[in-house]
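# Geometric and topological summary
Here's the letter readout for the chains.
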Protein chains: 2
Amino acid sequence: MQIPAPEMHDAPANTTPKAAVSLHDGLVTALRDYIVEGNLADGARIPERLLCDRFGISRTPLREALKVLAAEGLIDLLPNRGARVRELSAEDLRELFDVMGGLEALAGRLACERISDAEVAEIEQTHHEMYRFYLRREMHGYFQCNQAIHRMIVEAAGNATLSATYASFAGRIRRVRYSANLAKERDRWGEAMREHEAILDALRRRAGSELSDILFQHLRNKRKAAQAEVA
Amino acid sequence: MQIPAPEMHDAPANTTPKAAVSLHDGLVTALRDYIVEGNLADGARIPERLLCDRFGISRTPLREALKVLAAEGLIDLLPNRGARVRELSAEDLRELFDVMGGLEALAGRLACERISDAEVAEIEQTHHEMYRFYLRREMHGYFQCNQAIHRMIVEAAGNATLSATYASFAGRIRRVRYSANLAKERDRWGEAMREHEAILDALRRRAGSELSDILFQHLRNKRKAAQAEVA
DNA sequence: AGCCGATTTTTTGCATTCATTTTTTGAGAA
DNA sequence: TTCTCAAAAAATGAATGCAAAAAATCGGCT
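Just so we're clear, the structure is a prediction, and the values are computed from it rather than from any experiment. (Residues numbered from 1 in each chain as written. Chains lettered and ligands numbered in written order. Predicted model: local features only at pLDDT ≥ 70, side-chain atom pairs only at ≥ 80, totals over all residues.)

## Examining the sheet that holds strand E2 (residues 75-78) of chain B
All names here are of chain B. As a reminder, the rule being used: Any two strands between which DSSP finds at least two bridges are classified as paired. Numbering of helices and strands runs from the N terminus; a helix is a DSSP stretch of H or I covering at least four residues, while a strand is a stretch of E covering at least two.
Here we have 3 strands laid out as an open sheet, ordered E1-E3-E2, and antiparallel in their pairing. Looking along the sheet, the strands with just one partner apiece sit at the ends: strand E1 (45-46) and E2. Sheet analysis places E1 next to strand E3 (residues 82-85), joined by 2 bridges and oriented antiparallel. Counted as the bridge partner of Arg 45 is Arg 84 from E3.

## Some remarks on the pairing of strand E3 (residues 82-85) of chain A
All names here are of chain A. Rules: The burial criterion counts other C-beta atoms lying within 10 Å of a residue's C-beta, which is placed from the backbone; the residue is buried at 20 or more, exposed at 12 or fewer, and partly exposed between these limits.
With burial as the criterion, only one face of E3 is covered, namely that bearing Ala 83 and Val 85; the residues Gly 82 and Arg 84 on the opposite face remain uncovered. In terms of strand pairing, strand E2 (residues 75-78) meets E3 through 4 bridges, oriented antiparallel. Counterpart to Asp 76 in the pairing with E3 is Arg 84. Counted between consecutive antiparallel strands, the loop separating E2 from E3 contains 3 residues, among which Asn 80 sits at a positive phi close to 60°.

## So, the protein's contact with DNA strand C
This is how it is decided: We call a residue near a molecule or strand if the C-beta atom, set from the backbone, is within 6 Å of it. Classification used: nonpolar for Ala, Val, Leu, Ile, Met, Phe, Trp, Tyr, Cys and Pro, charged for Asp, Glu, Lys and Arg, polar for all others including Gly.
With respect to spatial proximity, 18 residues lie near DNA strand C, and among them His 24, Ser 58 and Thr 60 of chain A together with Glu 48 and Gly 82 of chain B are the closest. The dominant element in the surface near DNA strand C, judged by the number of residues it contributes, is helix H3 (residues 59-72) of chain A, at 3 residues. Considered class by class, the residues forming the surface near DNA strand C number 6 nonpolar, 7 polar and 5 charged.

## Observations regarding the protein's contact with DNA strand D
Contacts to DNA strand D come from 18 residues, most closely from Glu 48 and Gly 82 of chain A together with His 24, Ser 58 and Thr 60 of chain B. Elements with a minimum of two residues in the surface near DNA strand D: helix H2 (48-55) and H3 of chain A together with helix H3 (59-72) of chain B. Looking at the surface near DNA strand D, the element that brings in the most residues is H3 of chain B, giving 3 residues.

## Considering the interface of chain B and chain A
The figure often quoted for interface size is the accessible area lost as the parts come together. Spelled out, the test is: The contact rule is simple: place each C-beta atom from the backbone, and if two of them lie within 7 Å, those residues are in contact.
Residue-level contacts link 29 residues of chain B with 28 residues of chain A. Of all the secondary structure elements, the ones that give two or more residues to the side of chain B that touches chain A are H3, helix H4 (90-114), helix H7 (160-179) and helix H10 (208-230) of chain B. Sorting elements by how many residues they give to the side of chain B that touches chain A places H4 of chain B first, with 10 residues. Its residues assigned to classes, the side of chain B that touches chain A shows 13 nonpolar, 8 polar and 8 charged.

## Observations regarding the sheet that holds E2 of chain A
Think of a sheet as strands paired side by side through backbone hydrogen bonds, with each pair either parallel or antiparallel. The strand order across the open sheet formed by 3 strands is E1-E3-E2 (chain A), and the pairing between neighbours is antiparallel. Here the strands that pair on one side only, and so sit at the sheet edges, are strand E1 (45-46) and E2 of chain A.

## Considerations on the relation of the copies chain B and chain A
Between the two copies of the chain lies a relationship made up of a rotation around an axis and a movement along it. For clarity, the cut-off: To superpose the copies, least squares is applied to the C-alpha atoms of every residue with a pLDDT of at least 70 in both.
Rotating chain B by 180° and moving it 0.0 Å along the rotation axis overlays it on chain A with an RMSD of 0.1 Å. The relationship between the two copies is best expressed as a two-fold rotation axis. Taken as a fraction of all interface residues of chain B, those also at the interface in chain A reach 97%, which identifies the copy contact as same-surface.

## Remarks on the confidence of the model for chain A
Convention followed: pLDDT runs from 0 to 100 and stands for how confident the predictor is about each residue.
Across chain A, pLDDT averages 87, with 85% of residues at or above 70. Confidence drops under a pLDDT of 50 for residues 1-20 of chain A, and excluding neighbours within four residues, the segment shows 18 contacts in the predicted structure.

## Some details on the packing of H2 of chain A against H3 of chain A
Residues and elements named next belong to chain A. This is how the line gets drawn: Here an angle of 0 to 180 degrees is reported between the N-to-C directions of two axes, which are lines fitted to C-alpha atoms, with helices fitted over the stretch in contact. Convention used here: angles under 35 degrees read as roughly parallel, angles over 145 as roughly antiparallel, angles from 65 to 115 as roughly perpendicular, and any remaining angle as oblique.
At a minimum axis separation of 10 Å, H2 and H3 run at an interaxial angle of 110°. Taken together, the axes of H2 and H3 lie roughly perpendicular to each other. Contacts between H2 and H3 involve Glu 48, Leu 51, Cys 52 and Phe 55 from the first element and Arg 59, Leu 62 and Arg 63 from the second. A per-class count over the contact of H2 with H3 returns 4 nonpolar, no polar and 3 charged.

## Thoughts on unusual backbone geometry
Residue and element names in this part refer to chain A. Residue Arg 137 is not a glycine yet carries a positive backbone phi of 60°. Structurally, the position occupied by Arg 137 is in the loop between helix H5 (117-135) and helix H6 (139-156). Here Arg 206, not a glycine, exhibits a phi torsion of approximately 55°, which is positive. Counting through the fold element by element, Arg 206 comes out in the loop between helix H9 (189-204) and helix H10 (208-230). Judged by the 14 C-beta atoms lying within 10 Å of it, Arg 206 falls in the partly exposed class.

## Description of the nonpolar core
Put simply, the test is: Among buried residues, those of type Ala, Val, Leu, Ile, Met, Phe, Trp, Tyr and Cys that are joined through C-beta atoms within 7 Å form a set called a nonpolar core.
Within the largest apolar cluster, 66 residues are counted, with the highest numbers of intra-cluster contacts made by Ala 107 and Ala 111 of chain A together with Ala 107 and Ala 111 of chain B. Those residues within four positions of Ala 107 of chain B in sequence are excluded, and the remaining contacts are Ile 153, Val 154, Ala 157 and Leu 162 of chain B. Formed by 36 residues, the second largest nonpolar core is a distinct cluster that contains Val 28 and Val 68 of chain A together with Leu 51 and Phe 55 of chain B.

## Digging into the packing of H5 of chain A against H9 of chain A
All names here are of chain A. Here is the rule: The crossing is said to be left-handed when, going from far helix to near helix, the turn is anticlockwise and less than a right angle, and right-handed when the turn is clockwise.
At a minimum axis distance of 11 Å, the contact between H5 and H9 shows a crossing angle of 165°. By the angle class used here, H5 and H9 are roughly antiparallel. Regarding H5 and H9, the two cross each other, and that crossing is left-handed. Of the residues in H9, those in contact with Val 120, Ile 123, Glu 124, His 127, Tyr 131 and Tyr 134 of H5 are Trp 189, Met 193, His 196, Leu 200, Leu 203 and Arg 204. Counted by class, the contact of H5 with H9 contains 8 nonpolar, 2 polar and 2 charged residues.

Next up, the structure:
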């Protein structure tokens, strides 16, 4: 008797719109979301049985999913000792932010090579929308626009491999991004806005190398804010 | 990581697999090597049973390994239709080279922040060695040194996450690198040497942003050579 | 003869089972 | 009490078994 379907509660506006083509490819994304959303304690042991019950499947497909997530770096898989949610050390965070910075720098460089005026205009529009949120001190809307702009730049790079890699790393720090909230980010709102102005300016001029530098530095500054938050 | 040779039942001549970090995650690396080395026809269907016999294991661990490799992008996993070695289209190759370029650019930038004089000296030494191979037209030695330099820069970045990501992508294009040989690369030997001079110069001056640009462009040129090869 | 559809065979996906390994529990001694 | 050690319980890693889906084979038809 086959299982009807792993009851995956409809994810709330997940930023990864990857269509789960395969049914148990879907399990991987479901499990990933489950972990990213913080349903599992950090570093705690994850008994397979528990997750099996949770998702209504047997251990075989679950273990396959766990192996994949371990390869992604989201969890640790200790031999004979089960799976644990990977704890992100300060060092891990530093590394992840830098890699994200490198990927965004690349995205900016590539985007300058091929972005259309229409796409630039679209980003500009979102930028202005973000500015309005900034003026009104509306944190949430600002954050949404911010994310959208970065995503648009990555998409404008026209490199599916880059997009996938970027999404993967973004997922890994999303947990931290949410928990260590943006309280500190607030202190550098003005700075961040200026940086975004510079980003847009470089993008308009299709100054790839320059944009690359700006984006990396932008992420560096974000990193500093996030690190200050942790401490 | 040990290679579980095609027969792990009788473990007499098992030359100490050494404290393998994980037991049959070694299977993943073994399978990866098996594929990268081209033992499987491109795009050909891969019956699980065949690989099970080949590696002397049952289907369960094999399928786990396949899922991981599929997540890495090395193979395609069609629902109910088995695994296939992923064929790299020209588009895939373009994307991969650009991502590699972005990662190297990042590595260069980070390396400039923290590399020691001793490490620079080590790279310089390898560079000179490479130059001697270049003068003698010894392709193989040149290539080895080349690879070593790039690897040293990545390591000098001091970012384990970056190193792992870089290694993963390097693995994905290795197959192509081997097949589409460096015949064409020969034509731009002089150019490549000049680029490497510039890389070393920027590294000496710790000019991160500049080195970043040079490395990306360097990979771009490599890409052009590789693409010309395919055609 | 060639093409199409049904039946057989193979293969995949998942559940279940088995053997180790690890963890927990409990009894006894210092 | 607490420490140690052994036995029990549970969890993991891997093999096998079974139902569904694909592929292959064979028989029937135009």
